[in-house]
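Below, each chain spelled out in residue letters.
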Amino acid sequence: MFTAQHIQALPSNLLRKLADAFDGGLLPDHPTPASLESEVGIRDGAEDLINDINQLARLGITGRALATWIRAVEQASAKVPSPDLVWSGPEVPGLHARDTRRVYEELFDHAERSVWVSTYAYFDGPQAFARLAQRMDNVSELRVTLLLNIQRAKGDTTATEQLVRRFTDQFWGTDWPGSSKPAVYYDPRSLDLYGPSGVLHAKAVVVDDQAVFITSANLTTAALDRNIELGVLMRHRVLATSVANHFQALIDTHLLRPVPTP
């Protein structure tokens, strides 16, 4: 099936210029590489674009009809933000990828209203939470919610309340480096001695109900820098709000429980 994939891959500014050129008669129905460069500023990939344009012409889509079609493509692409792939681990020459640590830091550094963070594991709390804690201290209205896993070691029969207290003392006494306090929740199923096991394993960040980052990486140095980890960053309000609402529903239905705040 013909999809005019090379036209659809153009950025919005070039799609608009291409549509205007056909709409104003500045480009013929069968443009040349030279005319594309002169009227639109397109040089790289011109032959591929011309193949798309010629195939549309064979379907009867030329001139102003082609301009209308291109504008529809531009409007559709503007409504669906492109995701950024985010990787940890060894760099691959010739391939561009966002860096996991940098994405975490950028999201925390630019948060204004709310941050949700869900992670299965973190090591070296003062380092793992440093940027987020600093942002909370700098932006008094910022509300942060952490969803963390409290683990029961295999064979450990310590009372659940004692394990939660031990985690609480460690988190507030050592791991959290800021003066402002986030709300912290955990999945109690991970501590149940007799019931079906389950853990909070999601790794995600939602900032200001605008950006959502879903990743395989925990908040550990190994995951951020050395392991091969993969995630997707989207600046998409509907998706970001959906993830935040799901987390909130887990709290509202008491499937996630609060860690006591000192």
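Residues numbered from 1 in each chain as written. Predicted model: local features only at pLDDT ≥ 70, side-chain atom pairs only at ≥ 80, totals over all residues. Heavy atoms only, no water.

## With respect to the side chain of Asp52
Now for step 1: Note that Asp52 resides in helix 4 (residues 46–58).
Now for step 2: Among the polar contacts listed, one links the side chain of Asp52 to the backbone nitrogen of His6, at a separation of 2.9 Å. (Helix = DSSP H or I, 4+ residues; strand = E, 2+ residues; numbered from the N terminus. Polar contact = N/O pair within 3.5 Å; in protein donor to acceptor, adjacent residues only side chain to side chain.)

## Looking at the nonpolar core
Now for step 1: With 37 residues, the main nonpolar core has Val115, Phe129, Leu146, Phe171, Trp176 and Val205 as its most contacted residues.
Now for step 2: Elements represented by at least two residues in this core include exactly helix 6 (100–110), strand 3 (114–119), helix 8 (130–138), strand 4 (143–148), helix 9 (160–175), strand 5 (183–186), strand 6 (204–207) and strand 7 (211–215).
Now for step 3: The leading source of residues in this core is helix 9, at 5 residues.
Now for step 4: Ignoring sequence-local partners within four residues, the contact set of Phe171 consists of Tyr122, Phe129, Leu146, Leu148, Trp176 and Val184.
Now for step 5: The next biggest cluster of nonpolar side chains, apart from the first, holds 22 residues, and it includes Ile7, Ala46, Ile53 and Val73. (Core = buried A, V, L, I, M, F, W, Y, C linked by side-chain atoms within 4.5 Å. Buried < 20%, exposed > 50% of the residue type's maximum accessible area, 1.4 Å probe, protein only. Contact = heavy atoms within 4.5 Å.)

## Some details on unusual backbone geometry
For residues that are not glycine, phi is negative in most cases, and the peptide bond is trans in most cases.
Now for step 1: Within the chain, Asp124 stands out as a residue other than glycine whose phi angle is a positive 55°.
Now for step 2: Mapping Asp124 onto the fold places it in the loop between strand 3 and helix 7 (125–128).
Now for step 3: Positive phi is not limited to glycine here, since His254 has a value of about 65°.
Now for step 4: Topologically, His254 is positioned in the loop between helix 11 (237–252) and strand 9 (257–258).

## What to know about the pattern of salt bridges
Now for step 1: Using the criterion set out here, one finds 15 salt bridges in the structure.
Now for step 2: For Asp84, the salt bridge identified is with Arg98, shortest N-O distance 3.1 Å. Residue Asp84 is located in strand 1 (residues 84–88), and its partner Arg98 is located in strand 2 (residues 98–99); the two are separated by 14 residues in the primary sequence.
Now for step 3: Of the charged contacts in the structure, one is a salt bridge between Arg98 and Glu106, with a shortest N-O distance of 2.5 Å.
Now for step 4: Put simply, Asp99, Arg102, Glu105, Asp109 and Arg131 are held in one network by salt bridges that share partners. (Salt bridge = Lys/Arg side-chain N within 4 Å of Asp/Glu carboxyl O.)

## Observations concerning the pairing of strand 1
Now for step 1: Across 5 bridges, the pairing between strand 1 and strand 8 (residues 229–235) is antiparallel. Counted as the bridge partner of Leu85 is Val232 from strand 8.
Now for step 2: Across 2 bridges, strand 1 lies against strand 2 in parallel orientation. Each residue of the ladder has a partner; that of Val86, found in strand 2, is Arg98. (Pairing = 2+ DSSP bridges.)

## Description of the packing of aromatic side chains
Now for step 1: Within this structure, the stated rule accounts for 10 aromatic pairs.
Now for step 2: Between the aromatic rings of Tyr104 and Phe213, the centroid separation amounts to 5.4 Å while the plane-to-plane angle is 75°, which identifies the pairing as edge-to-face. Placement of Tyr104 in helix 6 and of Phe213 in strand 7 is noted, with a sequence separation of 109 residues between them. Summarising the burial analysis for this pair, Tyr104 and Phe213 share the class buried. (Phe/Tyr/Trp six-rings, centres within 6.5 Å; stacked < 30°, edge-to-face > 60°.)

## Comments concerning the pairing of strand 6
Now for step 1: With burial as the criterion, each face of strand 6 is covered, one bearing Ala204 and Val206 and the other bearing Val205 and Val207.
Now for step 2: Pairing geometry for strand 3 and strand 6, over 4 bridges, is antiparallel. Each residue of the ladder has a partner; that of Val115, found in strand 6, is Val207.

## Brief notes about the sheet that holds strand 1
Now for step 1: Spatially, 9 strands are ordered 2-1-8-7-6-3-4-5-9 in an open sheet, and the strand pairing comes out mixed. Of all strands in the sheet, those bounded by a partner on one side alone are strand 2 and strand 9.
Now for step 2: Against the sheet, helix 11 contacts strand 3, strand 4, strand 5, strand 6, strand 7 and strand 8, and its axis sits at roughly 65° relative to strand 3. (Axes fitted to C-alpha atoms, helices over the stretch in contact; angles between N-to-C directions.)

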